[in-house]
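Spelled out, the chains give:
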Amino acid sequence: MPSKKRVVVLISGSGTNLQALIDAQDTPALPNAELVLVISNRKNAYGLTRASSANPPIPTAYLALQPYLKKYPEKTREDYDVEIARMVVNAKPDIVVLAGWMHILSEKFIEIVEGRLSLSGPEPPTISIPVINLHPALPGVFDGANAIERAYEAFQRGEIEHTGCMVHRVVKDVDRGEPIVVRDVKIEKGEALEAFEERLHRVEHEIIVQATKIMLEESTRAS
Ligand SMILES: Nc1nc2c(c(=O)[nH]1)N[C@@H](CN(C=O)c1ccc(C(=O)N[C@@H](CCC(=O)O)C(=O)O)cc1)CN2
Ligand SMILES: NCC(=O)N[C@@H]1O[C@H](COP(=O)([O-])[O-])[C@@H](O)[C@H]1O
């Protein structure tokens, strides 16, 4: 049996998408995969509880930007991103999944994790870890935070007829990476935001597993 593919997940909140990955790991939905680390930038993220309550428990880590900058006044936001990259690389993942990670990552993070920049010294990096992100909107529309609410309001103004969600490769430009899985989600006339959001989240829980599986299969073929 080949060794399991290692998945690192970055979160900032409730972790319902993390839970979808936890439930899918090492099942036909996400075969031969195990979550090896969950990193949160918010101490009270319930996703940390989901990880530690999993069976077996998934190791967790927490590092928030503002406390880091307060503790190390000489450091920068980019230094923080390098620390996150160090935590990720040390976990030796085959993929990194941003599942509600609400922090824009610097290009340096991407260069380190994708193996174009070495964490320590001049020797060439030996890693190339794909980073993917779940975003609750369609490619090129409603980039950034609060996308669900913005799409809902645009629908109420008659500007759009539907929205959707996607998982895409992470590049420097937020939400502009190559889409991996894209799903349309209709907004029903008269539907409350909460009901629409619940329907969209259910689709997210499917596509985050599908996209992770696709990327791990791709990395297996490439190796
Ligand atoms: N370099 C990239 N970093 C990140 C991407 C990406 O595509 N490229 N995706 C985001 C996830 N995301 C949307 O999908 C997103 C998350 C957060 C923000 C944002 O404005 N964050 C603020 C802080 C907001 C807060 O703390 O509540 C910030 O980082 O200053 C925009 C888009 C993850 N990172
Ligand atoms: N721009 C990024 C973004 O808005 N991400 C969104 O955060 C939520 C996390 O939910 P969860 O914590 O329950 O998984 C998800 O809806 C995800 O699309």
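About the criteria used
Residues numbered from 1 in each chain as written. Chains lettered and ligands numbered in written order. Predicted model: local features only at pLDDT ≥ 70, side-chain atom pairs only at ≥ 80, totals over all residues. Heavy atoms only, no water. Buried < 20%, exposed > 50% of the residue type's maximum accessible area, 1.4 Å probe, protein only. Helix = DSSP H or I, 4+ residues; strand = E, 2+ residues; numbered from the N terminus. Pairing = 2+ DSSP bridges. Near = heavy atom within 4 Å. Polar contact = N/O pair within 3.5 Å; in protein donor to acceptor, adjacent residues only side chain to side chain. Areas by Shrake-Rupley, 256 points an atom, 1.4 Å probe, with all protein chains shown as cover. 1 Å grid on protein atoms, 1.4 Å probe; cavity = no way out; pocket = protein on both sides within 12 Å on 5 of 7 lines; lining within 4 Å. Sits in = over half its atoms within 2 Å of the grid points. Nonpolar A, V, L, I, M, F, W, Y, C, P; charged D, E, K, R; others polar.

The chain is annotated in an unreviewed UniProt entry as Phosphoribosylglycinamide formyltransferase of Agaricus bisporus var. burnettii.

Take the pairing of strand β1 (residues 5-11) next. Of all the seven residues making up β1, six are buried; the element is thus mostly covered by neighbouring parts of the structure. In this sheet, strand β2 (residues 33-40) lies alongside β1 in parallel orientation, the contact comprising seven bridges. Paired with Lys 5 across the strands is Ala 33, a residue of β2. The sheet contact formed by β1 and strand β4 (residues 95-98) spans four bridges and is parallel. By the bridge assignment, Leu 10 is partnered in β4 with Leu 98.

Near ligand 2 lie 13 residues; those nearest to it are Gly 15, Thr 16, Asn 17, His 201 and Glu 204. A distance of 2.5 Å separates an oxygen atom of ligand 2 from a polar side-chain atom of Thr 16. One of the side-chain nitrogen or oxygen atoms of Glu 204 is found 2.3 Å away from an oxygen atom of ligand 2. Within the complex, 86% of the 450 Å² of free accessible area of ligand 2 lies under protein. With respect to the detected pockets, ligand 2 is housed in the largest pocket. Of all elements in the fold, only α1 (16-24), β5 (131-135) and α7 (193-222) reach the threshold of two or more residues within the shell around ligand 2. For the shell around ligand 2, the per-class residue count stands at three nonpolar, nine polar and one charged.

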